[in-house]
Amino acid sequence: MQNRQRVVVIGGGITGLTAAYYLQKAAREQQLSLDVTLIEAAPRLGGKIQTVVKDGFVIERGPDSFLERKTSASRLAKEVGMDGNLVNNTAGKSYVLVHNKLHPMPGGSIMGIPTQIGPFVTTGLFSPVGKLRAAADFILPKSKEKNDQSLGDFFRRRLGDEVVENLIEPLLSGIYAGDIDQLSLMSTFPQFYQVEQKYRSLILGMKKATPPSPKVKEESGTKKSKGIFLTFKSGLQSFVDAIEGHLDNGSVLKGTKVERIEKQNDGRYQLDLNNKETIEADAVIVTVPHHAAMNMFSNPTYFQEFKSMPATSVATVAMAFDESAIKQEIDGTGFVVSRNSDYTITACTWTHKKWPHSTPKGKVLLRCYVGRAGDEAVVELSDEEITKIVLEDLNKTMNITASPDFVIVSRWRDSMPQYTVGHKQRVSSLKQRLENDLPGIITAGSSYDGLGLPDCIDQGEDAVEKVLNYLKSRKFASLTK
């Protein structure tokens, strides 16, 4: 027993679940004398992944899908027997709401960057002056090399204010619930900078770098574009449950909080829990948000630069209706809202169209989003007040003639960490200090290297690799003494 090693994973969101799963898999396949314990403060695993199944509806409280091209999520789904449950979204029209009018997303735009001239020239999203300014991208030189800059600075230079405010900002800030004039380019979309450096023109570069959309055959034999997102027919919570079901019996502690991590004289770590118990570990993977992680260490200087890292509060509002309640049918799957519009909602998904499996026949499911950087007060209102505001906003573009069958409001306070300019350097500095002073302590999760499910899964896998390498070096060092 003295030769066994232990790894503790703190945080049972998708990052921690991934780390625990792949650590235990490595222990089995490589016949390692390794015990893995996953500790989660909440009474359930999954973090922001929560699914409500009600009256035939499948409703996501948090994230609703992930990008198919980021393959780590699909690979993990196959590992736990969930790959047969995956389904693509329906690739329908999407819109941008500007000045009380829904404008179709210009064809060929990649995260708001045009790759086809025709749709961009004919769209009503921009004035003629705004279109001419965007066309300057074809002749502007590439920017000078920088360590980092804000998304806003980068795109305003390439395409002008109008394109940024009416198209790029609603799309990109919707992903991070942030202010694009504060968000870091190199920590969010470094590929845009790389394209500009390689091709000079962002528009021409994105056109060359973007593969054609995949096609799927319908039963009639005709073809249509396949959606680029994936989810599970039974909801993302079923994915969490499947991963948990593959973890070793007795290896998960729920409703238990780690209050302190202390390095011992022998190089191992002691974890003090809120139930007055302690656990010793050879290595620790910390996947909780940065503001929770910094309170676990006696030396606050490790996370000094993260103390001022902002995190935005958001809420999702899911509303179910009978289809007869919606008198104005819209051909599409949803819209995002420009800051130039007098709306509280930041986006709306017509979930019954985007994810047909989620909604019973004859019903409608709308999922709206409120809250973003600088506009978070709405999240603290009552469910009734939020519902009233959302319905008033929706009725500016739709004609809803009846009250919802039911409403589910989900609040996520301080849930969206903001990768402000310089974030990549701060993360690198933190990890280097931990490696020097606290070897075997690994940080991972949405506060550091990506918010999406595949990004968090990637971080979990990377943390496993680092921990296994560390444990091997530690074991080798003990054998050679």
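Everything discussed here concerns the structure shown above.
Residues numbered from 1 in each chain as written. Predicted model: local features only at pLDDT ≥ 70, side-chain atom pairs only at ≥ 80, totals over all residues. Heavy atoms only, no water.

Participant: Kindly report on the side chain of aspartate 282, identifying the contributing residues and their values.
Facilitator: Along the polypeptide, aspartate 282 turns up in the loop between β17 (278-281) and β18 (283-286). On the basis of relative accessibility, which here comes to 5%, the residue aspartate 282 falls in the buried class. Of the polar contacts made by the side chain of aspartate 282, one reaches the side chain of arginine 268; its length is 3.2 Å. Sequence-distant contacts of aspartate 282, that is, excluding residues within four places in its chain, are made with Arg4, Gln5, Arg6, Arg268, Tyr269, Tyr470, Leu471 and Arg474. (Helix = DSSP H or I, 4+ residues; strand = E, 2+ residues; numbered from the N terminus. Buried < 20%, exposed > 50% of the residue type's maximum accessible area, 1.4 Å probe, protein only. Polar contact = N/O pair within 3.5 Å; in protein donor to acceptor, adjacent residues only side chain to side chain. Contact = heavy atoms within 4.5 Å.)

Participant: Could you give an account of the pattern of salt bridges, naming the residues involved and the relevant values?
Facilitator: Evaluation of the coordinates by the stated rule reveals 26 salt bridges. Between arginine 156 and glutamate 165 there is a salt bridge whose closest N-O contact spans 3.4 Å. Overall, glutamate 165 belongs to the partly exposed group, its relative accessible area being 31%. With its nearest N and O atoms 3.3 Å apart, the salt bridge here joins arginine 157 to glutamate 196. Of the two residues, arginine 157 is situated in helix α5 (residues 151-159) and glutamate 196 in helix α8 (residues 190-199); the sequence distance between them amounts to 39 residues. Accessibility expressed as a relative area gives 31% for arginine 157, which makes it partly exposed. Taking relative accessible area as the criterion, glutamate 196 reaches 0% and is therefore assigned buried. Residues joined in a network through salt bridges with shared partners are Asp137, Arg157, Arg158 and Glu196. (Salt bridge = Lys/Arg side-chain N within 4 Å of Asp/Glu carboxyl O.)

Participant: Account for the sheet that holds β18, naming residues and giving values.
Facilitator: Two modes of strand pairing occur in sheets, parallel and antiparallel, and in both the strands are linked by backbone hydrogen bonds. Strands sit in the order β14-β2-β1-β18-β24 across an open sheet of five strands; the sheet is parallel. In the strand order of this sheet, the two ends are held by β14 (252-254) and β24 (441-443), each with one partner. With strand direction ignored, the average angle separating the axes of adjacent strands in the sheet is 15 degrees. (Pairing = 2+ DSSP bridges. Axes fitted to C-alpha atoms, helices over the stretch in contact; angles between N-to-C directions.)

Participant: Give me the lowdown on helix α13 (residues 383-394), citing residues and values where you can.
Facilitator: In this model α13 runs 16 Å from its N-terminal to its C-terminal C-alpha over twelve residues, within 8% of the 16 Å that 1.5 Å per residue would give. Among all positions of α13, only Ile386, Thr387, Val390, Leu391, Asp393 and Leu394 are buried. An end-on view of α13 places all buried positions within 160 degrees of arc, on one side of the element. Residues of α13 that are exposed and point more than 90 degrees away from the buried face comprise Glu384 and Lys388. (Expected span 1.5 Å × (residues − 1). Arc of directions from axis to C-beta.)

Function cannot be read off these values alone, since they describe shape.
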